[in-house]
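These are the residues of each chain, in order.
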2 protein chains.
Amino acid sequence: MSKIAVLGYGVVGSGVVELFYKNKESILKKAGRDADIKYILDIRDFPDSPYRDKFTKDINDIVNDDEVTIVAECMGGATFAYDFVKACLMKGKNVSTSNKELVAKKGAELLAIAKEKNCNFFFEASVGGAIPIIRPLHKCLAANDITYIAGILNGTTNFILDRMINENMDFSDALSMAQKLGYAEKDPTADIEGHDACRKICILSSLITGKHIYPENVYTKGITEISLKDVKFAEKFGAAVKLIASVRKLENGKIIPMVMPMLVPYENLISRVDNVFNAVMVCGDGIDRAMFYGRGAGMLPTASAVLGDVIEQLKTEGNGTDLAQTWVDCDNSEILDDYKESSFRMYFRLAGSDLSAPEGAEIVENGDEIVFVTEKMTISDAEKLEADFTAAGAEVKSKIAVLEI
Amino acid sequence: MSKIAVLGYGVVGSGVVELFYKNKESILKKAGRDADIKYILDIRDFPDSPYRDKFTKDINDIVNDDEVTIVAECMGGATFAYDFVKACLMKGKNVSTSNKELVAKKGAELLAIAKEKNCNFFFEASVGGAIPIIRPLHKCLAANDITYIAGILNGTTNFILDRMINENMDFSDALSMAQKLGYAEKDPTADIEGHDACRKICILSSLITGKHIYPENVYTKGITEISLKDVKFAEKFGAAVKLIASVRKLENGKIIPMVMPMLVPYENLISRVDNVFNAVMVCGDGIDRAMFYGRGAGMLPTASAVLGDVIEQLKTEGNGTDLAQTWVDCDNSEILDDYKESSFRMYFRLAGSDLSAPEGAEIVENGDEIVFVTEKMTISDAEKLEADFTAAGAEVKSKIAVLEI
């Protein structure tokens, strides 16, 4: 019988335990072997939990117990979680994690240890929550040259934008509502500034290039500057404002990952993704394009992804290293191209007198403010255009790229 | 070096060969071992093909060549393909297929042989073409109790309905256009009567129950009776008419798979799936719901799925039986519940005098014809309602269920 340890009994960890016991019979049937949760690691006490006998506060109980062959890390963060996951992998234990920060910061190192120790380091839950994306990308789409990935990888910001779009709430009211409903943290920085989405696009970028892409090297802009006005003008243009994390592979082999709010035209299915849902569009030379949609966070959705990994661990136990060779550490400057050279149609909203849109632009509004969408230009040229307008006395209220897939 | 045989050099088979050689370097890197295509089986001659040295007309060349460990079946049909796949599996060769008819008719038997011979029988391409759905459902979502699946599993009919919706074409003109563009066969029966979608929902039904579900036991209605009028009234109601293949798991453990045109409300992402694209929504107790979208057919999209399987075969060679235990043969009457007992809101379009909609119905149109959508009722009750209207002298022009997820 295989023994499992769950690290962390917060939202995700308790979901893992709950879903495991709820569907234990069918899970073990699919796994093809018997298994049980032996330990739950948490510094807190849960004297009333039906699982109270499984709790420990000491990671060494788990690390040094040879019976434990599978570890589900659901702690979050990249300090203790890093130490604990590393210690487990060093002992040859198979690890599954929902921790995007850990994978985005330490993936290459942990994958290398897993390879050396002939065990698996899985992280399906780290991107898109319940949405199967890591394994489909790594396995089902493996015959493709993946050229572009773009999607909504953060549910909190999508909820906020959805309220702005559908309920005419302004950003701060929508954020408060997200906090009230538990979709946003008290300190919402990681979500609204795009850091969370950035970690996830780094993981996908690493997966398609085989090189570890670090979050600090990726252009990241959040949604705090998006105004209700922009959302409404976007609507008039026929698009929804969404926080888009994307990565494009260039013909020179380099990539441009980036996170920023974008106008997503209604023809694109991503524009229709509402509430806290996530969606990832993947383009490749075989598939053309495919999209994966679902809940990007939450107790049971994330637990579903962690347990999918655990079942795979059970099936392949003693035959590990499945994802182990997927990416290695690298000097990011060698693989990242300058994001300012990517081209988009650009939405501008300007205030001032005697303003006119550049040639070829589509005028969305011409009243107190002038709002237009340009032809395709590089971000660099859009910045020059912005500077020109400013020099001419205009106030550039917003500048947002339009997604084209 | 592993040797691969491709059975059939039609649209899919030639796509497999093309995509394999196009991305050979990265494919073999992901596979972790060297491999090449040794044989292509086809009864036709291809003297000018760059691969002419690989062609054979005799399946025995492949079956009896112990070097060949992986076979990609792209012939279609369930006669020769069945014999050939069976012969290959009996020899312990790993088989990947795009052939939904074969899997829907003979899956249980072929999976049993694969298990016995310790090799893999994979069929990712058999449902949803390029869309990863078999492996995500089988692996990533394995911790879930899957309660409902509904989607667009046939691109030809979706193209036809899309033309009716967006270009006001009537059914026969849209069908002609689909034939001209190569999306529909000369004999379009399998598509427009729903048989193709039925085979695919049978495969998904088998996957979630572990029991082989046979197409002839599944209620299947195509789109030939859908009129432009219905499409337009659906629009007025706020829905798109789509051919929906679905399977619901009931609390008694039985299932109801069915294929029929349905009104899909605009809030549901499936309503936005246009052109020849497919999409599958999956509901489970962990994930809530997830959707998979992409190209359901075509040369390279289907080849992408077949080759994804081939890469997995290469990675797991000598360690097969991955899908082997997924489903077994069974008496379908023990697992299928009566589809007439499923409940839906029902759209009715009636002609006649002195007609009135039943209590609680939402009136869509009340002119020469009366069009309404009822409250939820069983299909059985909807048939009674239809009979009552007919008895009262009305002509029931259409009766279409509304999808609710």
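These remarks concern the structure in this document. (Residues numbered from 1 in each chain as written. Chains lettered and ligands numbered in written order. Predicted model: local features only at pLDDT ≥ 70, side-chain atom pairs only at ≥ 80, totals over all residues. Heavy atoms only, no water.)

Looking at the pairing of strand S2 (residues 35–41) of chain A
All names here are of chain A.
Argument step 1. Burial of S2 is extensive: six of the seven residues sit out of reach of the surface.
Argument step 2. Pairing geometry for strand S1 (residues 2–7) and S2, over six bridges, is parallel. Bridge assignment links Leu7 to a residue of S2, and that residue is Leu41.
Argument step 3. The pairing of S2 with strand S3 (residues 55–56) spans two bridges and is classified as parallel. Its bridge partner lying in S3, Leu41 is registered against Thr56. (Buried < 20%, exposed > 50% of the residue type's maximum accessible area, 1.4 Å probe, protein only. Helix = DSSP H or I, 4+ residues; strand = E, 2+ residues; numbered from the N terminus. Pairing = 2+ DSSP bridges.)

A look at the pairing of strand S9 (residues 239–249) of chain B
Residues and elements named next belong to chain B.
Argument step 1. Summarising burial for S9: nine of the eleven residues are buried, a large majority.
Argument step 2. Two strands pair when backbone bridges link them, and strand S7 (residues 146–152) and S9 are joined in this way by four bridges, in the antiparallel orientation. Bridging from a neighbouring strand, Ala150 pairs with Ser246 of S9.
Argument step 3. One ladder, built from eleven bridges, connects S9 with strand S10 (residues 255–265); its direction is antiparallel. Residue pairing for S10: Lys249 is matched across the bridge by Ile255.
Argument step 4. Hairpin connection between S9 and S10: a loop of five residues separates the two successive antiparallel strands, and Gly253 in this loop has a positive phi of roughly 90°.

Brief notes about the sheet that holds strand S6 (residues 121–122) of chain A
Argument step 1. The sheet built from six strands is open, its strands ordered S3-S2-S1-S4-S5-S6 (chain A) with parallel pairing. The open sheet is flanked by S3 and S6 of chain A, the only strands paired with a single partner.

Quick word on the environment of B:Thr220
All names here are of chain B.
Argument step 1. Position of Thr220 among the secondary structure elements: in strand S8 (residues 219–220).
Argument step 2. Assessed through its relative accessible area of 26%, Thr220 is described here as partly exposed.
Argument step 3. If sequence neighbours within four positions are ignored, Thr220 has contacts with Glu193, Gly194, His195, Cys198 and Val259.
Argument step 4. In this structure the side chain of Thr220 is engaged in a polar contact, spanning 2.9 Å, whose partner is the backbone oxygen of Val218. (Contact = heavy atoms within 4.5 Å. Polar contact = N/O pair within 3.5 Å; in protein donor to acceptor, adjacent residues only side chain to side chain.)

Some remarks on unusual backbone geometry
All names here are of chain A.
Argument step 1. A positive phi angle is found at Asn168, which is not glycine, with a value near 55°.
Argument step 2. Summarising the element assignment, Asn168 is placed in the loop between helix H7 (155–167) and helix H8 (171–180).
Argument step 3. Positive phi values are uncommon outside glycine, yet Asp354 reaches one of about 55°.
Argument step 4. Its place among the elements puts Asp354 in the loop between strand S13 (343–351) and strand S14 (362–366).

So, to be careful, I would describe these as geometric facts and stop short of saying anything about function.
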